[in-house]
Amino acid sequence: MANEVKLLPLSHVHLEILRNWRNADRIRMQMEYTNRITPEQQVIWFNSLNHGRDYYFIIYYKKEPIGLTHLNQKNTEEQFAYCGLFIAKEEYIGTGISLAASLLLLDLAFQQLNLQYVLAKVKNSNQIAIDYNHKLGFIPHSSASEQFTWYKLNFTEYDARRSQLEELSRYI
């Protein structure tokens with residue numbers, strides 16, 4: 001399964017499918033910004049991305065787009081970026097695809113971009129995401145707001161878990 005997961009850079013052709021995914025209640029209600037996004041807002045957001053520090057990818061499984069993952073606002077001075085992921089197609093939740101996509105993204109972060117750590121903002125009531133991030137090695141870092149917490153994964157912790165996570169991704 002893991003070798004059938006690919007990350008393709010987000011482009012204009014993905015914007016409407018991404019907007020529809022992001023507006024779905026199951027995804028939207030886990031975000032800090034919970035309003036529905038208009039097509040115009042989506043284009044404005046996309047055009048605001050800095051392709052030297054914002055890395056957004058559509059997750060493909062067997063050539064089908066199924067979700068999104070990202071590293072954004074890469075800070076070269078402190079060597080970190082923010083990250084996130086969602087699987088939009090419900091039939092793929094719990095299949096291990098998110099783990100394979102996370103490994104691809106975290107390898108980019110730590111092996112290619114040479115970041116020292118990544119931060120993920122997780123809604124405090126989203127226990128599934130909290131547990132998932134914990135399995136990847138993320139630990140609570142700081143409060144982002146009343147409803148959200150920043151979770152941190154540093155290179156050393158990821159490097160120590162990488163082979164175990166890769167092995168696990170082969171059997172899911």
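Model, not experiment: these values are computed from the prediction. (Residues numbered from 1 in each chain as written. Predicted model: local features only at pLDDT ≥ 70, side-chain atom pairs only at ≥ 80, totals over all residues. Heavy atoms only, no water.)

**Some details on the packing of aromatic side chains**
Scanning the entire structure with this criterion turns up eight aromatic pairs. Linked through ring pairs, Phe 80, Tyr 82, Tyr 117 and Trp 150 together constitute an aromatic cluster. Across the ring face of Tyr 117, the terminal group of Lys 152 is positioned such that the distance to the ring centre comes to 4.3 Å. (Phe/Tyr/Trp six-rings, centres within 6.5 Å; stacked < 30°, edge-to-face > 60°. Lys NZ or Arg CZ within 6 Å of the ring centre and 35° of its normal.)

**What to know about the packing of helix H1 (residues 15-23) against helix H3 (residues 39-48)**
Between H1 and H3, the least distance of the axes is 10 Å, while the angle of their chain directions is 115 degrees. With respect to their mutual orientation, H1 and H3 come out roughly perpendicular. As for the relative orientation of H1 and H3, their crossing is right-handed in sense. Packed against H1, whose contacting residues are Leu 15, Glu 16, Leu 18 and Arg 19, the element H3 presents Pro 39, Gln 42, Val 43, Trp 45 and Phe 46 at the interface. When the residues that make up the contact of H1 with H3 are grouped by side-chain class, the tally is six nonpolar, one polar and two charged. (Axes fitted to C-alpha atoms, helices over the stretch in contact; angles between N-to-C directions. Helix = DSSP H or I, 4+ residues; strand = E, 2+ residues; numbered from the N terminus. Parallel < 35°, antiparallel > 145°, perpendicular 65-115°, else oblique. Left-handed = near helix turned anticlockwise from the far one by under 90°. Contact = heavy atoms within 4.5 Å. Nonpolar A, V, L, I, M, F, W, Y, C, P; charged D, E, K, R; others polar.)

**Re the nonpolar core**
Core analysis: the biggest nonpolar cluster contains 34 residues, and Ile 59, Leu 71, Ile 97, Phe 110, Val 118 and Phe 138 have the highest contact counts within it. Here this core takes ten residues from helix H4 (residues 97-112), the largest share from any one element. Filtering out sequence-adjacent residues up to four positions away, Phe 138 remains in contact with Cys 83, Val 118, Ala 120, Asn 133, Tyr 151, Lys 152 and Leu 153. Grouped together as the second largest cluster of nonpolar side chains are 13 residues, Leu 10, Phe 46, Leu 49 and Ile 58 included. (Core = buried A, V, L, I, M, F, W, Y, C linked by side-chain atoms within 4.5 Å. Buried < 20%, exposed > 50% of the residue type's maximum accessible area, 1.4 Å probe, protein only.)

**Considering the environment of Glu 157**
As for its position among the elements, Glu 157 is in helix H6 (residues 155-171). Taking the relative accessible area as the measure of exposure, Glu 157 reaches 29% and is therefore partly exposed. Here the alpha-carbon distance between Glu 157 and Ile 139, two residues 18 residues apart in the chain, equals 10.0 Å.

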